[in-house]
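Residues per chain, in single letters:
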Amino acid sequence: MTDAFSSSSENVIQRVVDVTVKTNTPVGELEELYQIRKTCDFINEHQFEKVALQFPDELLVDSVAVAAEIESNSNAKPFILGDTSYGSCCVDEVAAEHIGANCIVHYGSACLSPSKRLPLMYVFERRTLDLKKCTTAFRDLHPDTQSHVVILYDVNYVYAINDLLTLLLPDYPNVIISELLVEGEHCYSHSRTKRQHDGTSLSERDDSQVVYQFGRRFCLKGGLSITDYRMFYLGQEGATLTNFMMTWNRCAFCSFDPIKMTARTESVSINRALMKRYYAIERAKDANVVGILVGTLGVADYLSIIQQLKETIRGAGKKSYVFAMGKLNVPKLANFLEIDIFVLIACPENSLLDSSEFYKPVVTPFEMEVACNKKREWSEEYVTDFRHLLPGGRSHVPLAGRQEDEDETDVSLITGVLRKQNLLSCEPEKSSFGSSVVLRNQALTVANTNSAASFLSERSWRGLEKKLGETPVVKAVEGRRGIAIAYEEEGTSP
């Protein structure tokens, strides 16, 4: 009967898990793949004493050998950062500060989100690329040689972009290569692309024609907008490509996968994906209690967006709670049933989380602002970088003032019921009382807010109660043996 509700404990112990382990890179190839000489020059030039080496899981197999080479060719003591606090694409400045590091060397794929605490150097993985097949795939996808195309790419193929540009330019004069640009005075990268082929630097062009986003920068031709260009992406399908397609959702995308050696026109319906995000916005409008998930401690201005979200959520008459729990999974978030919806603060590539398996939806800061800020409307613009939502950002929209936030009645598109807004607009930010009854408006009408405390009070089981002095003292007795799924004496009479 037990097996009908759970699997056998013996099968779990004897189960064989297939794990693909990357083989160690030969010592002779470490210099080229991990740019050890340039890394040591960077360390010695700035006289760093402690260096944090951050590796993704797939490159950890070479971490010890790389650290040994750096230690022997520099005056610094290297420390290996393995299991990162959040996504491996983000720089883990918190872990580096724990060991007192003077700088960070980040290996492998990166989202290029700005970091401001420590000096940073990027070393991208040099993945294999067949330039001939890539060029042939590009020509097949763009038969018109006068097409205006922007070439985007995974950072691990930046070393080959200049060669690809050389092969395409004679036949495709309107091709534009995006340039990697690491933001910040203390950020360094030895794999940047050269300037555009016409010899004019991007900084000398008209600022209105320069597009700078997600660590990439490219310049559009005069009189053209981003919607007049097609996008060609070089890399595997994943978060980076999805982020590009959601942001530039009015552009046609095609891609070439260097691993599978296949090219295709991206046929994923962006409109359908945007409608799924809009459904999440409607769920956010229905929510009364919002959980703010801190998904990064390294991306610049993350504290500012937390504070802005608190004010926006409170202005919409909702309660908010902040959670810092590292990498997210379904069981973690399932512990907080009183939360109606979560908003994730992370880098652009990790913020578009597929929450279909979660018990409660997970939205982005942009989507939460659409739900709570009456001045922000749902349009063709989709923002994944939360820094653009802050004051001074290109997509910042001020919060509606108090004179505009009279109570409004809105109809939920999901439940069909009326919902009230701005119930907490007159509530003080901090209260010394534990009551959930607050003033709703100038007429002194009261409203009951659905906070976590009221949710807990409605539960039949509220956790272990101490009952100090009320429980009789008894001698310890021998308990049951075994595991919870099958105790030894289970099924026998006492």
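Just so we're clear, the structure is a prediction, and the values are computed from it rather than from any experiment. (Residues numbered from 1 in each chain as written. Predicted model: local features only at pLDDT ≥ 70, side-chain atom pairs only at ≥ 80, totals over all residues. Heavy atoms only, no water.)

A. Here's a closer look at the packing of helix α2 (residues 27–34) against helix α3 (residues 36–46). Here α2 crosses α3 at 60°, and the two axes come no closer than 6 Å. In terms of their interaxial angle, α2 and α3 are classed as oblique. In contact with L30, E31 and Y34 of α2, α3 contributes I36, R37 and T39. Grouping the constituent residues of the contact of α2 with α3 by class yields 3 nonpolar, 1 polar and 2 charged. (Axes fitted to C-alpha atoms, helices over the stretch in contact; angles between N-to-C directions. Helix = DSSP H or I, 4+ residues; strand = E, 2+ residues; numbered from the N terminus. Parallel < 35°, antiparallel > 145°, perpendicular 65-115°, else oblique. Contact = heavy atoms within 4.5 Å. Nonpolar A, V, L, I, M, F, W, Y, C, P; charged D, E, K, R; others polar.)

B. Representation of the sheet that holds strand β15 (residues 319–323) within the structure. Read from one edge to the other, the open sheet built from 4 strands follows the order β15-β14-β16-β17, with strand pairing classed as parallel. Looking at the sheet topology across the chains shown, the edges are occupied by β15 and β17 (362–363). Across 2 bridges, strand β16 (residues 341–345) lies against β17 in parallel orientation. Within the sheet, the bridge partner assigned to F342 lies in β17 and is V362. In the packing of helix α10 (residues 302–315) onto the sheet, the strands contacted are β14 (289–294), β15 and β16, and the crossing angle to β14 comes to about 175°. (Pairing = 2+ DSSP bridges.)

C. Quick peek at the pairing of strand β12 (residues 253–257). Of all the 5 residues making up β12, 5 are buried; the element is thus mostly covered by neighbouring parts of the structure. Residues F253, S255 and D257 point to one face of β12 and C254 and F256 to the other, with burial holding for every one of them. By the bridge criterion, 4 bridges tie strand β11 (residues 230–234) to β12 in an arrangement that is parallel. Bridging from a neighbouring strand, F232 pairs with C254 of β12. Handedness of the β-α-β unit built from β11, helix α8 (residues 239–247) and β12 comes out right-handed. As paired strands, β12 and strand β13 (residues 262–265) are joined by 4 bridges and run antiparallel to one another. Residue pairing across strands places S255 opposite R264, the latter belonging to β13. (Buried < 20%, exposed > 50% of the residue type's maximum accessible area, 1.4 Å probe, protein only. Right-handed = clockwise from strand over helix to strand, strands pointing away.)

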